[in-house]
Amino acid sequence: MMFKLSVRRFFAAASVALLAMWPLSSVPAAAAGPAVIFIVDTNAVFAQSKVGQNIRSQFEDQMKKLAAEGKKTGEGLQADAKKLSDERALLSQEDLQKKVAGLQKREAEFQQSFQTKRQALQLGVQRAEAKVEAALGPIFAEILRERGGTVLFDQSVVLAGGADLDISAEVLKRLNERLTTVEVKPVTPEELRAAQQTEAE
């Protein structure tokens, strides 16, 4: 059995993009004037921020450890499979079938365990990202209030232009001042089961 590890690109837009327009109840809307629009590139802010880089580093380190653990287990299963193949002529049909079934069970358990650990880590990353999003909300509101803005759009929904309306640099500056690290902690088996049940519903 060959052990393979495939990790989706961490900074996929869907995993870090916020809502295209953040609700800002604290920002007074103009009674009769046009909306004052600003734009923020949340993907760039997250990727360039200290906390975003910290989350990515933790994720990569933990995935490397998980991959090394899986590789070691996979190589052990391969060695056992080769040993069984070498001994098959010395075993009765019944003993051979039992050993093959036992090896297949161990392999299935290994695959399930690896998948569970990877999913737990991905959910841990999502929790860390949610803390960053929570920190960004007040920052968005502050900047719009200071600049008299009423609407904030994410760069991903802007087809063209808007460079002069981009507040990403200021958002990044304030985020770096307020949040530099967030622990990426895999969820517990109980939390993972609860999350899976919620998704099923």
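Nothing here was measured: the structure is a model prediction, and the numbers come from that model. (Residues numbered from 1 in each chain as written. Predicted model: local features only at pLDDT ≥ 70, side-chain atom pairs only at ≥ 80, totals over all residues. Heavy atoms only, no water.)

Participant: Please clarify how helix α3 (residues 50–87) should be interpreted in this entry.
Facilitator: Residues spaced three or four apart along an α-helix face the same direction, because each turn holds 3.6 residues. Across its 38 residues, α3 extends 56 Å between first and last C-alpha, which sits within 8% of the 56 Å expected from 1.5 Å per residue. Restricting attention to buried positions, one finds in α3 the residues V51, G52, I55, Q58, F59, M63, L66, A67, G70, G74, L77 and L84. Buried residues along α3 sit in contact with α2 (42–48), α4 (93–147) and α5 (168–178). (Helix = DSSP H or I, 4+ residues; strand = E, 2+ residues; numbered from the N terminus. Expected span 1.5 Å × (residues − 1). Buried < 20%, exposed > 50% of the residue type's maximum accessible area, 1.4 Å probe, protein only. Contact = heavy atoms within 4.5 Å.)

Participant: Before we go on, may I ask you to explain the pattern of salt bridges in this structure?
Facilitator: If charged atoms from side chains of opposite charge come close, those side chains can pair. Taken as a whole and assessed by the stated rule, the structure comprises 10 salt bridges. Taking the shortest distance from any N to any O, the salt bridge between E177 and K173 comes out at 2.9 Å. One end of the pair, E177, and the other, K173, are both in helix α5, 4 residues apart, so they sit about a helical turn from each other. With a relative accessible area of 54%, E177 lands in the exposed category. The class of K173 is partly exposed, set by a relative accessible area of 45%. A network of salt bridges, in which partner residues are shared, links E142, E146, E170, R174 and R178. (Salt bridge = Lys/Arg side-chain N within 4 Å of Asp/Glu carboxyl O.)

Participant: Honestly, the nonpolar core in this entry has me stumped. Any pointers?
Facilitator: General note: in soluble globular proteins, nonpolar side chains tend to be found buried as a group. By size, the foremost hydrophobic cluster in this structure holds 32 residues, and its most contacted members are I55, V132, V171 and L175. At the level of elements, β1 (37–40), α2, α3, α4 and α5 are the ones that each hand at least two residues to this core. In terms of residue count, α4 provides more of this core than any other element does, 13 residues in total. (Core = buried A, V, L, I, M, F, W, Y, C linked by side-chain atoms within 4.5 Å.)

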